[in-house]
2 protein chains.
Amino acid sequence: MTAADRVYYIIKQRILNGGYAAGSYVRETAIGEELDYSRTPIREALRRLVSDGWVEAIPHHGARVVGWTQHDVEEVFELRVLLEPQVVRRAAKRIREAQLNLLTSFADQMEMLCEQEDECAIDKIAVVNNQFHAELVTAADSPRLQRLLETIVQVPVSRRSFHHYTRDELLRSMQHHREIVRALQSQDGEWAAAIMRAHILAARAAQMRQKQPGNTAQVEQQRKSELSTS
Amino acid sequence: MTAADRVYYIIKQRILNGGYAAGSYVRETAIGEELDYSRTPIREALRRLVSDGWVEAIPHHGARVVGWTQHDVEEVFELRVLLEPQVVRRAAKRIREAQLNLLTSFADQMEMLCEQEDECAIDKIAVVNNQFHAELVTAADSPRLQRLLETIVQVPVSRRSFHHYTRDELLRSMQHHREIVRALQSQDGEWAAAIMRAHILAARAAQMRQKQPGNTAQVEQQRKSELSTS
DNA sequence: TTTGTGATAATTGTATGCAACTATGCTCGA
DNA sequence: TCGAGCATAGTTGCATACAATTATCACAAA
């Protein structure tokens with residue numbers, strides 16, 4: 001792993017953790033001195049982050065962390081509603097026994113975690129949920145589809161999504177997982193796609209329910225950063 | 001426009017024109033000396049091309065122009081069938097008078113070019129066709145959807161596609177354009193999406209009809225390049 | 001003949017210095 | 001008092017030198 005790779009992951013992690021606020025600038029010299037690298041690998045990492053859509057490059061002025069508006073979130077869900085069903089549609093034709101077992105195991109884990117009520121369990125569910133979806137993408141066996149989803153399903157959107165769920169929504173989501181696995185066992189791509197579509201639309205509904213908080217917070221943060229740099 | 005930008009477009013153009021064959025390596029020093037730039041902007045251009053999917057980076061060994069197999073083409077069409085209808089579905093709700101007029105004008109131009117029989121006209125149709133689709137994407141007003149399509153609809157696939165069309169297929173394609181415009185005028189997203197879906201599936205059928213030629217040629221070219229570099 | 005090992009050459013990866021560009025704030029003039 | 005122009009500081013863009021890594025080829029031993 002090269003220095004540029006390391007810097008890339010570090011900066012990305014910081015953006016996700018909120019270490020770098022939306023709207024703030026990531027200076028090549030500053031982070032270079034901090035991590036004890038020259039500007040060259042920093043530059044390369046930043047360009048990768050730009051093409052990933054995490055930061056925007058302003059010529060001769062710097063790399064700014066992008067902010068997420070409610071509109072952006074809607075756009076992402078609109079695309080997920082198209083692409084995620086396609087994932088399972090393909091997976092249904094290609095999935096193998098071992099992968100089905102793995103998916104079942106993930107579904108088991110998530111349901112067990114559901115029994116517990118604390119916040120910590122929610123975070124664990126989110127982790128397993130990501131594994132579940134990742135395994136589906138693997139089974140779909142389409143590098144391009146995989147890449148599009150990775151581009152789109154930016155973590156800041158999905159990462160705290162389970163926290164917005166009511167208990168009912170959480171249980172329904174678990175049911176969706178079960179049903180997706182069942183549909184895949186039957187090699188019924190359309191069934192799987194239909195449930196996945198519902199799964200994403202349900203997630204969208206939960207997200208949209210609390211429009212204002214997430215949105216204005218982000219934008220305020222961005223506005224503040226803009227002021228502070230000027 | 002920076003040096004890195006210029007280099008980026010030059011290399012991209014050469015890949016499209018076949019100047020750089022699939023499987024061949026693009027050396028930083030070689031092209032740097034040729035274009036009289038240092039390796040720095042070349043590197044940056046190559047990394048952008050990597051993240052665009054035009055070349056693949058092999059650590060410590062170089063940047064290789066990727067080859068297209070028939071399987072890749074199928075994958076792309078599968079995604080276009082999902083995404084392009086979504087473009088017009090959105091466009092139907094948002095498109096404005098001026099844009100509709102522009103689309104009509106493009107449709108007119110393409111039909112006029114259809115009258116002529118020569119190969120040159122086909123190329124011109126392809127250009128206007130690209131403008132037509134680009135205008136639709138603009139009308140859809142979804143930066144992420146636009147980006148996804150730009151990532152996917154790599155030109156080597158679509159660029160010579162009209163040459164494979166029979167006269168019937170060409171005329172039908174023109175009819176599709178007309179009908180899409182008509183559906184958008186009616187603000188009927190589902191109608192537009194249905195026609196667009198047919199439009200893409202027709203293109204897919206024409207492309208698939210001549211499987212072997214494109215495929216083996218590409219792969220042969222790649223194999224040859226691999227041998228020559230060793 | 002084949003396989004393992006080491007030297008060597010070629011290529012990318014990184015550091016550093018300088019150039020170019022942009023924004024900001026100050027000064028001068030109207 | 002306001003606006004235009006200019007100087008300056010700060011940042012990115014680029015060139016170049018050097019380091020690190022990897023593939024290749026020759027050669028020797030089994």
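Remember, predicted model here, so these are calculated numbers, not experimental data.

Chemist: I would appreciate a short explanation of the protein's contact with DNA strand C in the present structure.
Modeler: Around DNA strand C there are 19 residues in total, and A:Thr2, A:Ala3, A:Ser38, A:Thr40 and B:Gly62 lie nearest to it. When contributions to the surface near DNA strand C are tallied by element, the ones reaching two or more residues are helix H1 (3–17) and helix H3 (39–52) of chain A together with helix H2 (28–35) and strand S3 (62–65) of chain B. Examining the composition of the surface near DNA strand C, we find that 3 residues originate from one element, H3(A), more than from any other. In terms of residue class, the surface near DNA strand C is built from 6 nonpolar, 10 polar and 3 charged.

Chemist: Help me understand the packing of helix H4 (residues 70–94) of chain A against helix H10 (residues 189–209) of chain A in this model?
Modeler: The angle between the axes and the distance between the axes are what describe a pair of packed helices. Residue and element names in this part refer to chain A. The interhelical angle for the contact between H4 and H10, taken along N-to-C directions, is 160°, at an axis separation of 8 Å. In terms of their interaxial angle, H4 and H10 are classed as roughly antiparallel. When the axes of H4 and H10 are compared, the crossing they make is right-handed. Contact residues: Val73, Phe77, Arg80, Val81, Glu84, Pro85, Val88, Arg89, Ala92 and Lys93 in H4; Gly189, Ala192, Ala193, Met196, Arg197, Ile200, Leu201, Arg204 and Gln207 in H10. Looking at the contact of H4 with H10 residue by residue, the classes come out as 11 nonpolar, 2 polar and 6 charged.

Chemist: What's the story with the sheet that holds strand S2 (residues 55–58) of chain B in this structure? I'm lost.
Modeler: Residues and elements named next belong to chain B. Sheet architecture is open: 3 strands sit in the order S1-S3-S2, paired in antiparallel fashion. Here the strands that pair on one side only, and so sit at the sheet edges, are strand S1 (25–26) and S2. Where S2 and S3 come together, 4 bridges link them in antiparallel fashion. Paired with Val55 across the two strands is Val65, which belongs to S3. In the packing of helix H3 (residues 39–52) onto the sheet, the strands contacted are S1, S2 and S3, and the crossing angle to S2 comes to about 115°.

Chemist: Explanation requested: the interface of chain A and chain B in the structure shown.
Modeler: As a measure of interface size, the accessible area lost when the parts come together is often cited. Each side of the interface is counted separately: chain A has 15 residues, and chain B has 15 residues. Elements with a contribution of two residues or more to the side of chain A that touches chain B: H3, H4 and helix H7 (143–152) of chain A. When the residues that make up the side of chain A that touches chain B are grouped by side-chain class, the tally is 7 nonpolar, 3 polar and 5 charged.

Chemist: Please clarify how the nonpolar core should be interpreted in this entry.
Modeler: Residues A:Val88 and B:Val88 are the most contacted members of the largest nonpolar core, which totals 71 residues. Among the elements that take part in this core, helix H4 (residues 70–94) of chain B stands out by supplying 9 residues, more than any other. Excluding its chain neighbours within four sequence positions, the residues that come into contact with A:Val88 are A:Leu136, A:Ile180, A:Leu184, A:Gly189, A:Ala192, A:Ala193 and A:Met196.

Chemist: What is the right way to read the protein's contact with DNA strand D from this model?
Modeler: As a matter of local geometry, DNA strand D sits amid 19 residues, with A:Gly62, B:Thr2, B:Ala3, B:Ser38 and B:His60 nearest to it. Elements that contribute at least two residues to the surface near DNA strand D include exactly helix H2 (28–35) and strand S3 (62–65) of chain A together with helix H1 (3–17) and H3 of chain B. For the surface near DNA strand D, the element with the highest residue contribution is H3(B), accounting for 3 residues. Classifying every residue of the surface near DNA strand D by side-chain character gives 6 nonpolar, 10 polar and 3 charged.

Chemist: Hey, could you run me through the sheet that holds strand S2 (residues 55–58) of chain A in this one?
Modeler: Read from one edge to the other, the open sheet built from 3 strands follows the order S1-S3-S2 (chain A), with strand pairing classed as antiparallel. Of all the strands in the sheet, the pair left with one neighbour each is strand S1 (25–26) and S2 of chain A.

Chemist: Looking at this model, I keep getting lost on the relation of the copies chain A and chain B. Mind explaining?
Modeler: Here the two chain copies are tied together by a rotation about an axis and a shift along that axis. Overlaying chain A with chain B gives an RMSD of 0.1 Å, the required rotation being 180° about an axis along which the chain moves by 0.0 Å. Read as a symmetry element, the transformation amounts to a two-fold axis. The overlap is high: 100% of the interface residues of chain A also sit at the interface in chain B, so the same surface is used on both sides.

Chemist: Any chance you could explain the pairing of S3(A) here in plain terms?
Modeler: If a strand is regular, its side chains alternate between the two faces of the sheet. Of the pairings in the sheet, the one linking S1(A) to S3(A) comprises 2 bridges and is antiparallel in character. Residue pairing for S3(A): A:Tyr25 is matched across the bridge by A:Arg64.

Chemist: How should the environment of A:Glu115 be read in this particular structure?
Modeler: Note that A:Glu115 resides in helix H5 (residues 97–115). The spatial distance from the C-alpha of A:Glu115 to the C-alpha of A:Pro143 is 36 Å, given a sequence separation of 28 residues.

Chemist: Just to check I follow, could you spell out the packing of H1(B) against H3(B) for this structure?
Modeler: All names here are of chain B. Axis separation between H1 and H3 bottoms out at 8 Å; the angle between their running directions is 55°. Here H3 runs oblique to H1, going by the angle between their axes. The crossing of H1 and H3 is right-handed. Contacts from Ala3, Ala4, Val7, Tyr8, Ile11 and Lys12 in H1 reach Pro41, Ile42, Glu44, Ala45, Arg48 and Leu49 in H3. Here the residues of the contact of H1 with H3 are counted per class, giving 9 nonpolar, no polar and 3 charged.

How each quantity is defined
Chains are numbered independently. Their residues run from 1 in the order of the written sequence. To read the labels, note that chains go from A and ligands from 1, taken in the order they are written. Local features in this predicted model are restricted to residues whose pLDDT is 70 or higher, and side-chain atom pairs enter the listing and the counts only when it is 80 or higher, whereas totals over whole chains, interfaces and linings include all residues. Using a C-beta atom placed from the backbone for every residue, we mark a residue as near a molecule or strand if that atom lies within 6 Å of it. The secondary structure listing takes helices from DSSP runs of H or I that are at least 4 residues long and strands from runs of E that are at least 2 residues long, numbered from the N terminus. Note on residue categories: nonpolar means Ala, Val, Leu, Ile, Met, Phe, Trp, Tyr, Cys or Pro, charged means Asp, Glu, Lys or Arg, and polar means any other residue, Gly included. Here the axes come from fitting lines to C-alpha atoms, over the contacting stretch only for helices, and the angles between their N-to-C directions go from 0 to 180 degrees. Angles are sorted into four bins: roughly parallel if under 35 degrees, roughly antiparallel if over 145, roughly perpendicular if 65 to 115, and oblique for all others. Note: crossing handedness is left-handed where the near helix turns anticlockwise from the far helix by less than a right angle, and right-handed where it turns clockwise. C-beta atoms are placed from the backbone for every residue, and two residues are taken to be in contact when these atoms lie within 7 Å. Pairing between strands requires that DSSP locate at least two bridges from one strand to the other. What we call a nonpolar core is a set of buried Ala, Val, Leu, Ile, Met, Phe, Trp, Tyr and Cys residues whose membership is set by joining through C-beta atoms within 7 Å. The exposure scheme places C-beta atoms from the backbone and then counts, for each residue, the other C-beta atoms within 10 Å of its own, assigning buried at 20 or more, exposed at 12 or fewer, and partly exposed in between. Each copy is superposed on the other by least squares, with the fit set by C-alpha atoms of residues at a pLDDT of at least 70 in both.

Limitation: the analysis is restricted to geometry and does not speak to function.
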